[in-house]
Amino acid sequence: MSESARGTRTGSVLTHAALVLGAAAMIGPFVWQLLTAFKSLPETTTVPPPLLPQEWQWSNFTDVFEALPFGQQLVNSLIVAVAVTVGQLAFCSLGAYAFARLEFRGRELIFALFLSVLMVPKQLLILPQYQIMSDLGLLNTLTALILPGLFSAFGTFLLRQFFATIPKDLEEAALLDGAGRFRIFFSIMLPLVKPALAALAVITVMHSWNDLLWPLVVNTAPATMPISAGLTSLQGQEWTDYPVLMAGALMASVPMLLAYLALQRQFVQGIALSGTKG
């Protein structure tokens, strides 16, 4: 074996070893969560804790439904995630199309100011948003969870990257045929940015599903909480039933896993293409 071939093989082995270690580091917490969901409480408090449960406690999953209104909170999360995702796909795509294709005075300056919102920490917006929701009488409602997330600067920027690279000849031909801006937008532009829409949908769904701080602020009634906030009630000050908590977290992660698997190809394609657009 030549020196170059030996070096190539060594490099390949080291690369695969690094990838295996990285994959193990990422999968490890999920495996530990799965095993903990089937353990008893004494096993989780033992030092060191056992790797495998002595007896598989399937009752932990039923205990979740007794400890909190898990089904209702799961439905709440689904409603909020779907509503926020649909809102962002609609409003962000319209804004992105305007910034990318329409000519108006001060467009670049307005877009730069628009992107500056990304530099504002989300925590700074909680108090004014809470005051608005309180004045509107929307506390402890799903509407309070949906309204602040219907639009985002990130989603607008992501979609604008795609709209900006679509050839203008398509628009000009449609305009000559008598098509209006909305007809062009819905019939020509949106079908061409499906990968970006899928990527934004996955990102928005996961962010909405995992959002914790805002739901804890505006919704204190268990029946109106999403599942992310509801699971926090299983963690007490004196003690925490970790097997039940892990069982609830495991069930709560299943919808997001299915959503990602369904849109994985479009998501990866959209993120990869967004880095080459602009």
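Details of the structure are given in the entry above.
About the cut-offs
- Residues numbered from 1 in each chain as written.
- Predicted model: local features only at pLDDT ≥ 70, side-chain atom pairs only at ≥ 80, totals over all residues.
- Heavy atoms only, no water.
- Helix = DSSP H or I, 4+ residues; strand = E, 2+ residues; numbered from the N terminus.
- Rg over C-alpha atoms; globule rule 2.2 N^0.38 Å.
- Buried < 20%, exposed > 50% of the residue type's maximum accessible area, 1.4 Å probe, protein only.
- Areas by Shrake-Rupley, 256 points an atom, 1.4 Å probe, with all protein chains shown as cover.
- Phe/Tyr/Trp six-rings, centres within 6.5 Å; stacked < 30°, edge-to-face > 60°.
- Lys NZ or Arg CZ within 6 Å of the ring centre and 35° of its normal.
- 1 Å grid on protein atoms, 1.4 Å probe; cavity = no way out; pocket = protein on both sides within 12 Å on 5 of 7 lines; lining within 4 Å.
- Points joined across faces, edges and corners; volume = space filled by probe spheres on them.
- Nonpolar A, V, L, I, M, F, W, Y, C, P; charged D, E, K, R; others polar.
- Core = buried A, V, L, I, M, F, W, Y, C linked by side-chain atoms within 4.5 Å.
- Polar contact = N/O pair within 3.5 Å; in protein donor to acceptor, adjacent residues only side chain to side chain.
- Contact = heavy atoms within 4.5 Å.

**Q** I'm lost on the overall build of the protein chain in this one. Help?
**A** Per the secondary structure count, the protein chain includes 15 helices and 0 strands. Relative to its length of 278 residues, the protein chain is extended, with a C-alpha radius of gyration of 24 Å against a globular reference of 19 Å. The proportion of buried residues among the 278 residues of the protein chain is 36%. Just so you have it, the protein chain exposes about 16,300 Å², and 69% of that area is on carbon and sulfur atoms.

**Q** Which parts of the structure should I look at to understand the packing of aromatic side chains?
**A** Describing an aromatic ring pair means giving the distance of the ring centres and the angle of the ring planes. By the definition in use, this model includes 14 aromatic pairs. When the centroid spacing of 5.6 Å and the interplanar angle of 75° are considered together, the rings of phenylalanine 114 and phenylalanine 151 count as edge-to-face. Here phenylalanine 114 is found in helix H5 (residues 107-115), whereas its partner phenylalanine 151 is found in the loop between helix H7 (142-146) and helix H8 (153-163), with 37 residues between them in sequence. Of the residues examined, phenylalanine 151 reaches a relative accessible area of 37% and is grouped as partly exposed. Considering the side-chain rings of phenylalanine 163 and phenylalanine 185, the 6.2 Å spacing of their centres and the 40° angle between planes classify their relative orientation as tilted. Of this pair, phenylalanine 163 sits in helix H8 while phenylalanine 185 sits in helix H10 (residues 181-192), and the two are 22 residues apart along the sequence. An identical accessibility class is assigned to phenylalanine 163 and phenylalanine 185; each is buried. Site record: aromatic cluster; members linked through ring pairs are Tyr97, Phe163, Phe182, Phe185 and Phe186. Lying over the aromatic face of tryptophan 32, lysine 39 brings its terminal NZ or CZ to 4.1 Å of the ring centre. Above the plane of the ring of phenylalanine 111 lies arginine 160, whose end atom (NZ or CZ) is 4.4 Å from the centre.

**Q** Hey, could you run me through the layout of surface pockets in this one?
**A** The computed volume of the largest pocket comes to approximately 870 Å³. Around the largest pocket sit 33 residues that line it, and Pro148, Gly149, Phe151, Ser152 and His207 are the ones nearest its centre. Those elements that place two or more of their residues in the lining of the largest pocket are helix H4 (70-101), H8, helix H11 (194-210) and helix H12 (213-218). Looking at side-chain class alone, the lining of the largest pocket contains 22 nonpolar, 9 polar and 2 charged residues. Reported here for the second largest pocket is a volume of approximately 490 Å³. If you trace the second largest pocket, you find 17 residues lining it, with Asn210, Ala249, Ala252, Ser253 and Met256 closest to the centre. For the lining of the second largest pocket, the secondary-structure elements that each account for two or more residues are helix H1 (3-36), H11 and helix H14 (242-262). Considering every element that reaches the lining of the second largest pocket, the biggest residue donor is H14, with 8 residues. For the lining of the second largest pocket, a count of residues per class yields 12 nonpolar, 5 polar and no charged.

**Q** Whenever I open this one, the nonpolar core confuses me. Can you help?
**A** Inside soluble globular proteins, nonpolar side chains tend to come together where they are buried. Core analysis: the biggest nonpolar cluster contains 19 residues, and Ala37, Phe61, Val64, Phe70, Ile227, Leu231 and Leu234 have the highest contact counts within it. Those elements that place two or more of their residues in this core are helix H3 (59-67), H4, H11 and H14. Per-element tally for this core: the top contributor is H14, with 7 residues.

**Q** Help me understand empty space enclosed by the protein in this model?
**A** Unfilled space is identified by rolling a water-sized probe across the atoms. Enumeration according to the criterion identifies 1 cavity of 30 Å³ or more in this entry. A volume near 40 Å³ is recorded for the largest cavity. Every residue along the wall of the largest cavity is listed here: Lys122, Leu125, Ile126, Gln129, Leu213 and Trp214. Contributing elements (two or more residues each) for the lining of the largest cavity: helix H6 (126-135) and H12.

**Q** Can you help me understand the side chain of asparagine 219 in this one?
**A** With respect to the secondary-structure elements, asparagine 219 resides in the loop between H12 and helix H13 (227-230). Within the structure, the side chain of asparagine 219 is placed 2.8 Å from the backbone oxygen of threonine 224, a separation counted as a polar contact. If sequence neighbours within four positions are ignored, asparagine 219 has contacts with Leu139, Asn140, Thr141, Ala144, Leu145, Thr224 and Met225.

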